[in-house]
Amino acid sequence: MEKRIIFFLILWTASFKAVAQESPTPDYRNFPVTITLQFQSFSLPFKNLGSNFKNMGIGIGTEVSHNGDHDWIQEFSIFWIRNKAMGNGLYLVTQTAWRPYLGNPFFGELKAGVGYKLAFRPSESFIQKEGKWLAAGKKGKGMLAIPIGIGLGIHDYSESVYSSPFINYQPVFLKGFNQDIPLVPETIFQLGTRTHFNKLIK
Amino acid sequence: MKKTILNQFVGFFLILFTPFLSVAQNQSACQPSNSEASIRQFAGVQKKMEDLVNLGIPGVVAGVKTGEGTWYSAAGFSRLEDLTPMNSCNLQYLQSISKTFLAASILILKDQGKIDLDRPVFDYLPTELASWILKSDQMTVRMLLNHTSGIPEYNYLPEYITVLLQDPEHDFTPLDYMELIKGKEPDFEPGSRYSYRNSGYVLLALMMDHLTGDHAKFIRENIFERLGLKSTFYQESPDYLEKSALVDGYWDRYSNGILENSSYLQKQNVKKMVGDDGLVTTAADGIRFLEALLSGELISQESLAEMKTWVNDSKGTPQYGLGLDLTTLGGKQAIGHSGGGLGAGSQLYYFPEQKTYIFLAINLATVTGSPIHKKAEVVVNELYLEILKGGI
């Protein structure tokens, strides 16, 4: 199953460029409101995929295009994920996305970026001070996050308010988890929609 | 009617408090019967245990047996949430010290003529499992016991660790651990050098299952029951770790000195491990086992000599026998084993020069780094020096 998914993704990625050159770029509107539903897991990319769906979260964000063709986009998002086993997490992420159009209204997406994860603990923690054990709550640690993503979406431009639904899969690497695991892998499935409001047309 | 209600109340309160009375009785029975002389002798050791607790280790248990007597003591807490004091009769996780029990049981099989240490493990495995482990026809039972087989390690694989931490309820079976290394080339030519491998002991447990029907039952019958180890437990039932006397475990998840209760994760992990881990015991039972093993009560003198035939590490230092580790603690030579897990660390050693057995356990994970560990290592060494400076 996992091998088939990887094969599909490679094939699909390889087809981006050729298709992109054949398709006209539709109009685009900056600063949509992006709402996302996330499914996260502490796991290697394309491994143990089922465990993602035990840990759900929500997010909000926006984006702005880098060029006139609107196929280079800068995304900004903040999202929260509930993970009972490993602890919840709050993420602040910006990613540069290459979004070639596969044929109206579909687009593919490859992206990478940088972010920050504030990790919480799954249970109460304790610290000893002056010989006494004190409760230290569930707050954990802030870590540098490096997300890499692949996605697919629909961009059906309209003069009025319009929405652009999408799905993507992102391996995220966290730096400095602890002394023994310097780089921790996570994976995130993301479903979402970008709503482009009329008043923001420039 | 009133009498009936009163009776119901009395009955209710009796039911409610009976477990507490029972626990209270157990706790009083747990008070170690240390002699006045031993209390004076080991006052410095008690101080070192308190020092460990003051460094941020939740709880510590120590047991000492010399030719003159025994001393058992504890410091700190077995559970931080309600500040339950650590007690010397608390059950402790043995972690990798379990390997010594498995090795001893294999030597018992050897004494019974049922196994040859120098035959390939291939000969003692189910055909399908043997085919999973590349070069199992060149790996002898001895090589697996003394970590010279080169069998690939499952325990460090990211695909194992991520599932273990993200999905603690994942139903790992012993075969699942072997499936993680299925078809992988050995890390080096079997027998060519020493490198510690948990996988080897999982394979040996599966070998024993094939030979005896149930390796855990064999260990219980041939070691626990034979030595009267009434507070030592291993795979009696799926919930064998659900015991109130078992300490809670803690870990420093982010290596910043803040501890989290890891008991759930620890139990889920330990109860699914076979051969390389899985036992829990008390300090007294631990020492009883090692003493029986090294005095030839469990196995023949010939087999004991095999267990104490050391292989060298890469620096040429004698390192490991068959389920026994040769090391230096407190500046003295020690024979035994140590163990570490997601909520505990333990050491069980015999010091031949001093004719002294020592069991030491903490309920803080030793497999994830912590600033607490570095300072604690110094104090642990001082603790051994204190114990070994003289007899009772």
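Not measured: the values here are computed from a predicted model. (Residues numbered from 1 in each chain as written. Chains lettered and ligands numbered in written order. Predicted model: local features only at pLDDT ≥ 70, side-chain atom pairs only at ≥ 80, totals over all residues. Heavy atoms only, no water.)

Caption draft 1: Spotlight on helix H3 (residues 43-54) of chain B. The end-to-end C-alpha distance of H3(B), which contains 12 residues, comes to 17 Å, matching closely the 16 Å that a straight helix rising 1.5 Å per residue would cover. The set of residues buried in H3(B) consists of B:Val45, B:Gln46, B:Lys48, B:Met49, B:Asp51, B:Leu52 and B:Val53. Looking at the packing, one finds that the buried side of H3(B) touches strand S6 (106-129) of chain A together with strand S1 (59-65), strand S2 (70-79) and helix H14 (371-388) of chain B. Just past H3(B), the residue B:Gly56 takes up positive phi, approximately 120 degrees. (Helix = DSSP H or I, 4+ residues; strand = E, 2+ residues; numbered from the N terminus. Expected span 1.5 Å × (residues − 1). Buried < 20%, exposed > 50% of the residue type's maximum accessible area, 1.4 Å probe, protein only. Contact = heavy atoms within 4.5 Å.)

Caption draft 2: Region of interest: the pattern of salt bridges. Going through the model one piece at a time under the given rule, you end up with 29 salt bridges over all chains. Among the ionic pairs, B:Asp187 bridges to B:Arg197, the shortest N-O distance being 2.5 Å. With B:Asp187 in the loop between helix H8 (174-180) and helix H9 (198-212) and B:Arg197 in the loop between H8 and H9, the pair connects residues that are 10 residues apart, well separated along the chain. Relative accessible area serves as the criterion here: at 9%, B:Arg197 is assigned to the buried category. Salt bridges here are not isolated pairs; linked through shared partners, they connect A:Glu63, A:Glu75, A:Arg99, A:Glu109, A:Lys111 and A:Arg194. (Salt bridge = Lys/Arg side-chain N within 4 Å of Asp/Glu carboxyl O.)

Caption draft 3: Main features of the environment of B:His215. All names here are of chain B. Tracing the sequence through the fold places His215 in helix H10 (residues 215-227). Sequence-wise, His215 and Ala205 are 10 residues apart; in three dimensions their C-alpha atoms are separated by 6.0 Å. Not counting chain neighbours up to four residues away, the residues in contact with His215 comprise Leu102, Ala205, Met208, Asp209, Tyr234, Val274 and Gly275. At 2.6 Å, the side chain of His215 forms a polar contact with the side chain of Tyr234. (Polar contact = N/O pair within 3.5 Å; in protein donor to acceptor, adjacent residues only side chain to side chain.)

Caption draft 4: Fine view of the confidence of the model for chain B. Summarising the model, chain B shows a mean pLDDT of 92, and 92% of its residues fall at 70 or more. Across residues 1-29 of chain B, where pLDDT falls below 50, the model places one contact with residues more than four positions away in sequence or in other chains. (pLDDT = per-residue confidence, 0-100.)

Caption draft 5: Seen up close, the pairing of strand S7 (residues 132-154) of chain A. Residue and element names in this part refer to chain A. Of the pairings in the sheet, the one linking S6 to S7 comprises 18 bridges and is antiparallel in character. Paired with Lys117 across the two strands is Met143, which belongs to S7. Hairpin geometry of S6 and S7 is characterised by an intervening segment of two residues between the two adjacent antiparallel strands and by a positive phi of about 50 degrees at Glu130. Where S7 meets strand S8 (residues 162-175), eight bridges bridge the pair, whose relative direction is antiparallel. Paired with Gly151 across the bridge in S8 is Asn168. (Pairing = 2+ DSSP bridges.)

Caption draft 6: Structural detail: the packing of aromatic side chains. Following the criterion strictly, the structure yields 23 aromatic pairs over all chains and no others. Judged by centre distance (5.1 Å) and plane angle (25 degrees), the ring pair of A:Phe53 and A:Phe189 falls under stacked. Here A:Phe189 lies in strand S9 (residues 183-196) and A:Phe53 lies in the loop between strand S1 (33-41) and strand S2 (56-65), a separation of 136 residues in the sequence. Relative to B:Phe224, the ring of B:Phe101 has its centre 6.1 Å away and its plane inclined at 80 degrees; by these criteria the two rings are edge-to-face. In this pair, B:Phe101 is assigned in helix H4 (residues 98-111) and B:Phe224 in helix H10, connecting sequence segments 123 residues apart. B:Phe224 matches B:Phe101 in its accessibility class, with the two residues each being buried. Counting every residue linked through ring pairs, the aromatic cluster contains A:Phe39, A:Phe46, A:Phe53, A:Tyr169 and A:Phe189. A:Arg194 extends its terminal NZ or CZ atom over the ring of A:Phe166, reaching a point 4.0 Å from the ring centre. A cation over an aromatic ring shows up here: B:Lys243 above the ring of B:Phe233, its NZ or CZ 4.3 Å from the ring centre. (Phe/Tyr/Trp six-rings, centres within 6.5 Å; stacked < 30°, edge-to-face > 60°. Lys NZ or Arg CZ within 6 Å of the ring centre and 35° of its normal.)

Caption draft 7: Main features of the interface of chain A and chain B. With 31 residues of chain A at the interface, the matching set in chain B holds 33 residues. Approximately 2600 Å² of surface area, both sides summed, lies buried where chain A meets chain B, with 56% of it carried by carbon and sulfur atoms. Of the charged contacts in the structure, one is a salt bridge between A:Lys54 and B:Asp167, with a shortest N-O distance of 2.9 Å. Summed over the shared surface of chain A and chain B, the number is 11 residue pairs in polar contact (both at pLDDT 80 or more). Elements with a contribution of two residues or more to the side of chain A that touches chain B: S6 and S7 of chain A. When residues in the side of chain A that touches chain B are grouped by element, the largest group, 10 residues, is from S6(A). Partitioned by chemical class, the residues of the side of chain A that touches chain B number 14 nonpolar, 12 polar and five charged. (Buried area = accessible area lost by both parts, 1.4 Å probe. Nonpolar A, V, L, I, M, F, W, Y, C, P; charged D, E, K, R; others polar.)

Caption draft 8: Summary view of unusual backbone geometry. Across the junction of A:Asn104 and A:Pro105, the peptide omega takes the value 10 degrees, indicating a cis bond. By secondary structure assignment, the location of A:Pro105 is in the loop between strand S5 (101-103) and S6. One non-glycine residue, A:Phe46, lies in the positive phi region at around 65 degrees. Tracing the backbone shows A:Phe46 in the loop between S1 and S2. Here the phi dihedral of B:Lys355 falls at roughly 50 degrees; this positive angle occurs in a residue that is not glycine. Along the chain, B:Lys355 falls in the loop between strand S12 (345-351) and strand S13 (356-362). Note on B:Lys355: relative accessible area 56%, which makes it exposed.

Caption draft 9: Layout of a nonpolar patch on the surface. Residue and element names in this part refer to chain A. Together, Ile35, Ile58, Ile60, Ile78, Trp80, Leu90, Leu92 and Tyr116 line one region of the surface with nonpolar side chains, adding up to about 730 Å² of accessible area. Elements with a minimum of two residues in the nonpolar patch: S2, strand S3 (72-81) and strand S4 (89-98). Note on placement: Ile35 falls in strand S1. Exposure remark for Ile35: the relative accessible area of 43% places this residue in the partly exposed category. (Patch = residues over 30% accessible without salt bridge, like charges linked within 9 Å, V, L, I, M, F, W, Y side chains within 5 Å. Areas by Shrake-Rupley, 256 points an atom, 1.4 Å probe, with all protein chains shown as cover.)

Caption draft 10: Representation of helix H12 (residues 283-294) of chain B in the model. Residues and elements named next belong to chain B. The first and last C-alpha atoms of H12 sit 17 Å apart over 12 residues, in line with the 16 Å expected at 1.5 Å per residue. Judged by how many residues are buried, H12 sits mostly within the fold: nine of 12 residues are covered. Two residues or fewer past H12, Gly296 is found with a positive phi of approximately 85 degrees.

Caption draft 11: Fine view of the packing of H4(B) against H9(B). Residue and element names in this part refer to chain B. Taken N-terminus to C-terminus, the directions of H4 and H9 make an angle of 40 degrees; their axes are 11 Å apart at the nearest point. With respect to H9, the axis of H4 lies oblique. The handedness of the crossing between H4 and H9 comes out as left-handed. Residues Lys99, Leu102, Ala103, Ser105, Ile106 and Leu109 of H4 touch H9, and the partners they reach there are Asn198, Tyr201, Leu204, Ala205, Met207, Met208, Leu211 and Thr212. (Axes fitted to C-alpha atoms, helices over the stretch in contact; angles between N-to-C directions. Parallel < 35°, antiparallel > 145°, perpendicular 65-115°, else oblique. Left-handed = near helix turned anticlockwise from the far one by under 90°.)

Caption draft 12: Focus on empty space enclosed by the protein. Residue and element names in this part refer to chain A. The full count for this structure, using the stated rule, is five cavities of 30 Å³ or more. In terms of lining residues, the largest cavity is bounded by 18 residues, among which Thr34, Thr36, Glu75, Ser77 and Gln190 are the most central. Sorting the residues of the lining of the largest cavity by element identifies S1, S2, S3, S8 and S9 as the ones contributing at least two each. In terms of residue count, S2 provides more of the lining of the largest cavity than any other element does, five residues in total. In the lining of the largest cavity, the residues fall into four nonpolar, 10 polar and four charged. Each pocket or cavity is described by its volume, and for the second largest cavity that value is around 90 Å³. (1 Å grid on protein atoms, 1.4 Å probe; cavity = no way out; pocket = protein on both sides within 12 Å on 5 of 7 lines; lining within 4 Å. Points joined across faces, edges and corners; volume = space filled by probe spheres on them.)

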